Amino acid sequence: MSYHRSRSPRRDDNIRNIHGRRDEYQSSYTRDRGGGDRSHDYIRHGAQPQLPSYQQHTRCEERRDRGGYSNSNSNNDYNYGGGSGMGYVDFSNHNNQPWQVPRDFRRQDHDEHRQNAVSRNPDFNYRDRHHQGRGSRSHSGGSVLNSDVAEQHRVEASSRYPNCTFLEEVALPPEFAFRIDTSADKKLLHNESTRYTEISSFVPTFYRDNLLGATKEYITRFNVLSYKSLKVEETDEPNSSKETEPEAPGTSVTVMPRQKRKADDLNKSVEYIVLSKRHKSKTSSDKSNVTQKNSEMSLDEKREYYNVETRKNSENVQLWREFVEFQDQDCADFTKIARTEKKISILETALRNNPKSSELHFDRLDFMNEISKSNDVVVEWQKLVNANQDSEVLWLERFKYSCTQLQLFTSSSLMKDFTIGFNQLRSMLNSSYPEYQKPSKLHLLMPDLLSALCLTLRNSGFTEKAHAISQAQMEFDFNFPQSEVKGQIDKSGWKSILKLFELFWGLGTLRFGEPGYTIGWSKSLETNPEAFASLKFEPIGVPDSQVLEFEDTFFEAVNNTGSDSCLTRKEWTLVRSEKWILMESFRSKLCWTPWRDATSDISEWTCEDNARIILPTEITPYLTYVPSYGSKFEQQASFFRHIVNYLILLNQDFLPRTHTLESIMSPFSSLTLSDSTVFFSELNYWKKFLDLYYTDPKDGSCGEIIPEGFHLSEFTLPSTSFIVPKGKKLTLLPVYTEIIETQMQKLLNSNQEKYHNHLRCFVTQSIEYLDSKFASLLVQMLFRYEQKSRHTRVEDHKTLMKFCKNLMTHEKLRSSVELFMEIGLLDYFVGKKKKSVNFLIKTVNSSSKLLKESDTDVVENFLRENWETVTQVTKVYRVISEFYLKDQPDVAMSILVSLGNNFDLISLSDDTGTKDSKPSKHAILKAKRFFESIMDCLVPSAKTEENVIDLEYEETMLNGFGKWDGEYCIELFAQKSNLIVEWTIAYSLFAFLTDNGFDSASEIYKRIMDRLESLQPLSRSNKFSPLIVNGHNICEQLFISWCKLGALHVTQHPMQNSKFRTIFGKALEQFPSSPPLLLLYTTVESQCSVVGKLWRSMVNTIKLTSPSNICTLDWAPIFMCYGLAKKIEEIELDSEIALDEFGIGGPAVAPDTMFYKLDALFSAAENNLLTRNCPLIWRLHLKHLAIRAREGKDDKRAHGLCYDAIRRCPTNKAIYMDAIAYFPEMIQQITEIMSQKELVVRLPIEELDLLLQFNNQEEVAAKNRKKKTHRKGKRKTMPKVVDLEDGETVSDDNESEVEIVISD
């Protein structure tokens, strides 16, 4: 459909700015016409002189000679095949003045004008108008157009229909809508084609959107769609032309009938008109090949492909996202703002067809954040949440955005936003609220939002408030007043309940999780509230008296030792920065429980730290209740979620991390990942299990060597290093005696023990309110946490084992086989492998008797009745076999044969730990049949190749993968063992040891993986879908076991590693943030970590600014940078060992080269959408640059990175502390930012100056400087000085001063 509407320059400018190609539409001859802003309009106002007739005739002959299509029924000299799309429309009067169009004209009916024309002349048709006033025809097939007649038609159409757009609306033939522009460079008239001198004022309907933003070269070769399905074939004869079919009267090639047609019908009915050999029409088979080989297409072909496919498959979200990513290539020469605006425009079009797609909404708002103000974007977020209240993901991402914007974040605004959110969600708990507007996982969304608030508060320094809110929520969960019916509470009833709770909280009595807690808040108010007000309880943390005593001793020693020092004001600024960060960290570490008079050991003492005093009104806006009208499982799942979230608040490394777990957890777990101890915990935990398959030969007897850049100090000890530039010296005033340092270390150890005891006490009390399924899983998490903390905590192992065994006496836990297995693994984590194996054998032998006594002979009935016990027992068999897999494979095979022989007992000799006799061939075959029978029952579709059952994927998930508690994997944090996973791993190990090794085991893994190939990627939009999450959890666990087995195979057969690398590459591609896989990568692939294929693949994943198929990526850059940091230390060690004077040895790569790779990887992660708000990545990068600054390299860049880290992670107090520790001169600037963002500062700078007697020190320094000027002749008696900075000096001969030791 063609158009000729006369647009204003302002409107054209707006259209072209959106598509970023404003200048592309201007041809070379229109740029020089001097028309100002109107020089590039489609419509030229004002008549221009026409070409002489001989020039027009010559142009027509040249066009005919090229074989272009021409209309045989008209005298028009315009080539409709090759040049009809290249001309100006001119509606102007003869006085060269533009026609004035009334602004109040409204288009009401597009067909009205045509009907009026027909009513005036019943015999009216386009063909009559087309022949009226024609000139004579030439012998060459062209004609000379009467300019006066054409001008008359244009004037009439312009005056009669001033605001019409399309030719059929004004009944104007196409030949009257063009003219040849000769006012520009006339040399262009001698070009080969008229398409360079004629520019179209109308475009077909299909490509109107694509034309905006296209290049000039592309416009000139534009494939025009013919509505008559006309097709021009190529010919090598220059003078030949193709005849076309005669047209029906009253029709036009360039005019489309006014009727709505679907895009699918349109694409089927039309064909392309080929204009040149570079644009041949493609057959259907060619197009399918182009689709399969998208990477081999040109930009024009890709653009055309996406335009067609997005119209055909408008509901394909992934296709739209690929189209958006393609704009980076297609619009590479655009400005960043223009390119982003075009992406937003495409996403808005996609959202019209997919309004419920969370991924499209996320992408749109992410791009808006790049070019819009944060205030505008947060308004869009709020509108989106209000329109989609049933989406759990949108709620979480909305609050995440507010916490990651420096312009928006303050502590008060954060609390205000969460208050509004909790009020909205609390109204959904009422049973009268419409179900279709509630999130399906509301019982999980509420705990996750509460956890998000508490984690953010803790990282901002409000540790006491975070603990108080979580403890208060536990009280509401487990001790809600029985008189109230949860689910029917109105606003007045809710306020009365909160008043009762505020009364309980104000008493300061014991709360949930504290030692001695017996009754809840509702029962305590029913007894005698006044009796609790006078009670005293044991302090939860370090007693206040000990903390105050130490601080007095510390500052007294500082002032006594440093009173005679001669320091300038700037020197004292550096010194007090060290003092401030030391005492600020010390107070923050010890203050984690809300202060109350009942737990303080100092009578008649009031806490002066307002952050430690938590009033009831500060926590009640965030409390919720679990409704009673829901199912019992949902209630228990909500309780369990609150408990686990609080344990993560206490220790962020409470759970062993996997990619699936990181995906289903709250996104705020990434925002609060700031301590390197969490990374070390994951590293050591998963390395213990990897050592059973593969041991890194580079590791010494001391275990894993941590590079210097990964030691993130907590600055709580005087021996903590502070990074200062190389060649500079900073003195500590005063000398920290052994008494002070020992006292500080003692307080920190005592605080850690109390902290850990509180965690255990909290778990013990929570067991009473959970059913056996959730209680056993909670204790299993506790035991795994104890295993992870063995490398950091020093505790008597006997005391720990006694606590665990006493806990197992509970009636809800005593029948859990898996809990006894976790207790046995505690011995393995402390180095007692033999004792651990003996304990596990006793456990599995006592449990297998229950399975052998079962009367069920049919395998399906046997699994249906005992699947949970089978899962736990199979896991114990598998773990025992892994202890012998690497060193004694025959023993491992015997253990697995015992499992395959219907859970036979395991008997090993006590002395050697070996099997008394090898299994017979009959026993091996029997075990193989048993393994096969169980596999066929677990996954019915995964049978032998001859008997494959072709089932739909959804049905397979429900019949196989969705069973065995798989539908509850989200509520269970994906921590419960899965029967499919355990049996597949055991069967694969059995095949690895008995059949053809790794190939046989791989076939078993493939049988499960092939059924999971069609699984949708686990993204932010479907992280609450049980089937998808469970499928990915199964797939990840199998990949971990498969890759570890491949690593063992490679160590035995080094030349057969190609298959292992292929499997490993697929695993990392699907689960790039899985710590066990990443640890295997840094260990096995250490030789190829820089130049290998896997390295390049992982780097490309991190460089993607917005990955579409994953929802978490935090651990990938951390582990990869860890591998590079280890290589840097190895290179530095090689340079130290090398004999440079003889030219022997030395590193093959310069350390600086490796550091630049490390720096580039950190920078890529800081630009990635999924990792740019992770504090740990910023802290590690800042530490590495600070080390370089100490050596005099990249000093300015390190300073700039501090502000970038604060901008991306404004809620994380640890980053502010790092900036001051590495660059002490920035203390004033950083503390001002902390005050503006309302972060907790426990030791204000003003208070520190008073405690350090800074004013007195400045007066003494002034006096000493005066004395120094009068003693010019006695310089030998002056103290030796060392340059510090800018000519300033620090005394260096004082015996009471020591230098800071720069070491971790």
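The rules behind these values
Residues numbered from 1 in each chain as written. Predicted model: local features only at pLDDT ≥ 70, side-chain atom pairs only at ≥ 80, totals over all residues. Heavy atoms only, no water. Helix = DSSP H or I, 4+ residues; strand = E, 2+ residues; numbered from the N terminus. Expected span 1.5 Å × (residues − 1). Buried < 20%, exposed > 50% of the residue type's maximum accessible area, 1.4 Å probe, protein only. Contact = heavy atoms within 4.5 Å. Phe/Tyr/Trp six-rings, centres within 6.5 Å; stacked < 30°, edge-to-face > 60°. Lys NZ or Arg CZ within 6 Å of the ring centre and 35° of its normal. Axes fitted to C-alpha atoms, helices over the stretch in contact; angles between N-to-C directions. Parallel < 35°, antiparallel > 145°, perpendicular 65-115°, else oblique. Left-handed = near helix turned anticlockwise from the far one by under 90°. Nonpolar A, V, L, I, M, F, W, Y, C, P; charged D, E, K, R; others polar. Polar contact = N/O pair within 3.5 Å; in protein donor to acceptor, adjacent residues only side chain to side chain.

## Examining helix α34 (residues 833–852)
Look at α34: 28 Å from first C-alpha to last across 20 residues, which is about the 28 Å you get at 1.5 Å a residue. For α34, every residue scored as buried is listed here: Ser 836, Val 837, Leu 840, Ile 841, Thr 843, Val 844, Asn 845, Ser 847, Ser 848 and Leu 851. For α34, the elements touching its buried residues are α33 (817–829) and α35 (859–885).

## Structural notes on helix α47 (residues 1175–1190)
Over its 16 residues, α47 runs 22 Å from end to end, which matches the ideal 22 Å to within 8%, given 1.5 Å per residue. For α47, the buried fraction is high: 16 of the 16 residues fall into the buried class. Looking one or two places after α47, you find Gly 1192, whose phi comes out positive at around 85°.

## Brief notes about unusual backbone geometry
One non-glycine residue with positive phi stands out, namely Ala 974, at about 55°. Note on placement: Ala 974 falls in the loop between α38 (953–961) and α39 (979–994). Here Ala 974 falls in the buried class, since its relative accessible area comes to 11%. One non-glycine residue with positive phi stands out, namely Glu 1238, at about 60°. Here Glu 1238 is to be found in the loop between α50 (1227–1236) and α51 (1245–1251). Exposure remark for Glu 1238: the relative accessible area of 33% places this residue in the partly exposed category.

## Details of the environment of Ile 1040
With respect to the element layout, Ile 1040 can be found in helix α41 (residues 1026–1052). Taking the C-alpha atoms as reference, Ile 1040 lies 10.0 Å from Phe 1071; in sequence the two are 31 residues apart. What Ile 1040 contacts, discounting residues up to four positions off in sequence, is Ser 1074, Pro 1076 and Leu 1077.

## What about the packing of aromatic side chains?
The description of two aromatic rings rests on the distance between their centres and on the angle between their planes. In total, this model carries 58 aromatic pairs according to the counting rule given. Taken together, a centroid distance of 5.6 Å and an interplanar angle of 40° make the contact between Phe 633 and Phe 774 tilted. Linking Phe 633 in helix α26 (residues 632–650) with Phe 774 in helix α31 (residues 772–788), this pair joins segments that are 141 residues apart in sequence. A cation over an aromatic ring shows up here: Arg 641 above the ring of Phe 973, its NZ or CZ 4.5 Å from the ring centre. Taking NZ or CZ as reference, Arg 760 lies 4.9 Å from the ring centre of Phe 803, over its face.

## Structural notes on the packing of α41 against helix α43 (residues 1075–1084)
Packed helix pairs are specified by the crossing angle of their axes together with the interaxial distance, meaning the distance between the axes. Two elements in contact, α41 and α43, have axes whose closest approach is 10 Å; the angle formed by their N-to-C orientations is 20°. Taken together, the axes of α41 and α43 lie roughly parallel to each other. The hand of the α41/α43 crossing is left-handed. Residues Phe 1039, Ile 1040, Cys 1043, Lys 1044 and Ala 1047 of α41 form the contact with α43, whose own contacting residues are Pro 1076, Leu 1077, Leu 1080 and Val 1084. When its residues are assigned to classes, the contact of α41 with α43 shows 8 nonpolar, no polar and 1 charged.

## Notes on the side chain of Arg 657
Structurally, the position occupied by Arg 657 is in the loop between α26 and α27 (659–664). In this structure the side chain of Arg 657 is engaged in a polar contact, spanning 2.5 Å, whose partner is the side chain of Glu 662. Look past the residues within four positions of Arg 657 in its chain and what remains in contact with it is Gln 652, Glu 662, Met 665, Glu 682, Trp 686, Pro 1075, Pro 1076 and Trp 1115.

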